[in-house]
Amino acid sequence: LEETLSKMWSRWDTDGSGDISKDEMLAPKTGLLAFVLKARGLEEESSAKFPDARNKEAFFAFWDQDGSGELERDEVVRA
């Protein structure tokens, strides 16, 4: 998982800050949310088994445990 995460991280962390911002997570087609939904075989409009994926703010808040507005690696792995 760590090797795969390292490869994918740069795809999601487009500004290279080391964290994934809300905008980076929610970016259509390239963001972390799009990746997760595709991996789960879900449409972006679906809400199956996750916090309501149609409510992107709530979905991001679910992952952003510390409320920093950015996702650290441990938050992504937890989710």
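Residues numbered from 1 in each chain as written. Predicted model: local features only at pLDDT ≥ 70, side-chain atom pairs only at ≥ 80, totals over all residues. Heavy atoms only, no water.

**Student:** A description of the overall build of the protein chain should follow, citing residues and the corresponding values.
**Tutor:** In terms of regular secondary structure, the protein chain is built from five helices and two strands. When the helices and strands of the protein chain are placed in sequence order, the string is α-β-α-α-α-β-α. Across the protein chain, the fraction of contacts at a sequence separation of at least 24, relative to all contacts at a separation of at least 6, is 36%. Working note: accessible area of the protein chain is about 4900 Å², and carbon and sulfur atoms make up 50% of it. (Helix = DSSP H or I, 4+ residues; strand = E, 2+ residues; numbered from the N terminus. Contact = heavy atoms within 4.5 Å. Areas by Shrake-Rupley, 256 points an atom, 1.4 Å probe, with all protein chains shown as cover.)

**Student:** Outline the pattern of salt bridges, supporting the account with residue identities and numerical values.
**Tutor:** Tallied over the full model, the rule gives one salt bridge. Between Lys22 and Glu57 there is a salt bridge, with its nearest N and O atoms 2.9 Å apart. Here Lys22 is found in helix α2 (residues 22-26), whereas its partner Glu57 is found in helix α4 (residues 56-63), with 35 residues between them in sequence. For Lys22, a relative accessible area of 29% gives the class partly exposed. (Salt bridge = Lys/Arg side-chain N within 4 Å of Asp/Glu carboxyl O. Buried < 20%, exposed > 50% of the residue type's maximum accessible area, 1.4 Å probe, protein only.)

**Student:** Describe the confidence of the model for the protein chain, with residues and values.
**Tutor:** Overall, the predicted model of the protein chain reaches an average pLDDT of 82, with 85% of residues at or above 70. Of all helices and strands in the protein chain, the one with the weakest mean pLDDT is helix α5 (residues 73-78) (79), whereas strand β1 (residues 20-21) scores best (93). (pLDDT = per-residue confidence, 0-100.)

**Student:** Can you explain the nonpolar core? Please cite residues and give values.
**Tutor:** In this structure, Trp12, Ile20, Met25, Leu32, Trp63, Leu71 and Val76 are the most contacted members of the largest nonpolar core, which totals 17 residues. Of all the elements in the fold, those that place two or more residues in this core are α1 (2-12), α2, α3 (32-39) and α4. What Trp12 contacts, discounting residues up to four positions off in sequence, is Leu5, Ile20, Glu24, Thr30, Gly31, Leu32 and Phe35. (Core = buried A, V, L, I, M, F, W, Y, C linked by side-chain atoms within 4.5 Å.)

**Student:** Describe the packing of aromatic side chains, with residues and values.
**Tutor:** Across all of its chains, the model carries two aromatic pairs by this definition. A cation over a ring is seen here: Arg73 above Trp9, with NZ or CZ 4.7 Å from the ring centre. (Phe/Tyr/Trp six-rings, centres within 6.5 Å; stacked < 30°, edge-to-face > 60°. Lys NZ or Arg CZ within 6 Å of the ring centre and 35° of its normal.)

**Student:** So, the environment of Lys22: which residues are in play, and what are the values?
**Tutor:** Put simply, Lys22 and Leu33 are 11 residues apart on the chain and 9.9 Å apart in space, counted from C-alpha to C-alpha. Each residue touching Lys22, except ones within four places of it in the same chain, is listed here: Glu57, Phe60 and Gly69. A distance of 2.9 Å separates polar atoms of two side chains, one belonging to Lys22 and the other to Glu57. (Polar contact = N/O pair within 3.5 Å; in protein donor to acceptor, adjacent residues only side chain to side chain.)

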